[in-house]
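Remarks on the overall topology
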Amino acid sequence: MIRAYKFLLRPTVRQDQALSEMLADHCSLYNSALQERRDAYRHVSKTSVAYGMQSAQLKDIRAFDPERQGRWSFSSQQATLRRLDKAFAAFFRRTKAGDTPGYPRFRGVNWFDTVDFPRNGDGCRWDSTPHDPVTRVRFQGVGHVKVNQHRPVTGKVKTVSIKREGRRWYVILTAEQTAPEPLPKTGSVAGIDLGIANFLADSGGGFVPNPRHGRKAATKLEAAQQALARFPRVRRDKRTANHQRAVNKVAGLLKLPREETEREWVLVPGLVLSRVPRTVVGTLVARFRSASGANGSCPRSGNAGAGSLAPRAARYGLDSPLPHRITHGAMGAVPSDAGSGIPGRAFRSPRRQRRAAWASCSWR
């Protein structure tokens, strides 16, 4: 079993600059390889350039430009070329299937945010300073970067990726782990309804309120967008420092509700509903699992031994009837918004048919 971990990096000023240069050089390599393929095919000979041909040129490219391309890991550059090769493979597959082709595009330096390292220890090393209580990851050409490791990594680390999101840097690990043993059945059944006015209602009559991250950030977002609107629309390289700060602030506020949604964990007694999209509406039924002696599936919930509810009910043997206290309609049972008493005001639906569907649903 492969599990991914994502940790925030704490680079120094020089390391931050080196990471930006790494992305810029890999972006340049990606665009140059794309240009070579375009030019070769536009030639009268209609030459087809494959990944193996471009990978064989890396040695000469690194020798010709030691200060830029020769500074970074050879394996990470190969991974960038494979990334382009996968884009072309997807393009040819869509063309053959009759879908919209979507020819691979050139990437701007601000639209190239990820560099992959196919193997831990080749150009990068996770936990490069095991004698230090502070976890660090080492990248070739950058150095040892501090990691905000908020949970332990179990298993053998296979691949390492560096990713830029706004002004922050993250390291993404994939670790190979043994498959967890299934938890014993307890015979208990619970009904769960995911709604909108309330995030969750269970068959025991309990409610989990909707956190409404978007509404909480709306006031700050409105002020930030008004401040940004005072600046003229100019090219990215023509922005002043205050203009760029206003852009970054709006981008961060727009991203916050999505991040909070992705990190949503809901804990029901004896059951963990992990990483369920907030747009999912319906009734899910699952058996309660024992929390003893099992590998944790929800590190944020505090109940590390609880089992997780997967979308595929067959995996858990859901053969019990639906509890009578939870019912659902076409879009799920949706109660009125607390305080307003108006069903339509709780949903902000842009489509009338969805409002009609929600209005037809009620608790039974």
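Structural notes, computed from the coordinates. What you are looking at is a predicted structure, and each value in this text was computed from that prediction instead of being measured.

Our next topic: the overall build of the chain. The secondary structure content of the chain amounts to seven helices and 13 strands. The proportion of buried residues among the 364 residues of the chain is 37%. Sequence-distant contacts in the chain: of pairs separated by 6 or more residues, those separated by 24 or more amount to 65%. Carbon and sulfur atoms form 52% of the exposed surface of the chain, whose accessible area is close to 21800 Å².

The next thing to look at is the sheet that holds strand 2 (residues 114-117). Strands sit in the order 2-6-7-1-5-4-3 across an open sheet of seven strands; the sheet is antiparallel. The sheet terminates laterally at strand 2 and strand 3 (124-126), the two strands that pair on one side only. Across the sheet, the mean angle from the axis of one strand to that of its neighbour is 30 degrees, orientation sign disregarded. Contacts between helix 1 (residues 13-42) and the sheet are confined to strand 2, strand 4 (136-139), strand 5 (143-148), strand 6 (156-165) and strand 7 (168-176), with strand 2 contributing the most and set at about 85 degrees to the helix.

Time to look at the side chain of His 243. With respect to the helices, strands and loops of the structure, His 243 is situated in helix 6 (residues 241-262). Classification of His 243 by relative accessible area gives buried; the value is 7%. Beyond its immediate stretch of four places on either side in the chain, His 243 contacts Leu 228, Phe 231, Pro 232 and Val 234.

Here we take up the side chain of Glu 165. By the secondary structure assignment, Glu 165 is in strand 6. Overall, Glu 165 belongs to the buried group, its relative accessible area being 12%. Only 2.7 Å separates the side chain of Glu 165 from the side chain of Lys 6, close enough to count as a polar contact. A polar atom in the side chain of Glu 165 sits 3.4 Å from the side chain of Lys 163.

This part is about the pattern of salt bridges. Applying the stated criterion across every chain, the model contains nine salt bridges. Of the charged contacts, one joins Asp 25 and Arg 68 as a salt bridge, the two residues approaching to 2.9 Å between their closest N and O atoms. Of this pair, Asp 25 sits in helix 1 while Arg 68 sits in the loop between helix 3 (58-64) and helix 4 (74-97), and the two are 43 residues apart along the sequence. Residue class for Asp 25 comes out buried when judged on its relative accessible area of 6%. Given the relative accessible area of 39%, Arg 68 is considered partly exposed. When the shortest N-O distance is used, the salt bridge between Arg 136 and Asp 132 registers 2.6 Å. Ionic contacts of the salt-bridge type, sharing partners, join the residues Lys 6, Lys 163 and Glu 165 into one network.

Reading the values: the criteria
- Residues numbered from 1 in each chain as written.
- Predicted model: local features only at pLDDT ≥ 70, side-chain atom pairs only at ≥ 80, totals over all residues.
- Heavy atoms only, no water.
- Helix = DSSP H or I, 4+ residues; strand = E, 2+ residues; numbered from the N terminus.
- Buried < 20%, exposed > 50% of the residue type's maximum accessible area, 1.4 Å probe, protein only.
- Contact = heavy atoms within 4.5 Å.
- Areas by Shrake-Rupley, 256 points an atom, 1.4 Å probe, with all protein chains shown as cover.
- Pairing = 2+ DSSP bridges.
- Axes fitted to C-alpha atoms, helices over the stretch in contact; angles between N-to-C directions.
- Polar contact = N/O pair within 3.5 Å; in protein donor to acceptor, adjacent residues only side chain to side chain.
- Salt bridge = Lys/Arg side-chain N within 4 Å of Asp/Glu carboxyl O.

In short, shape yes, function no, at least from these values alone.
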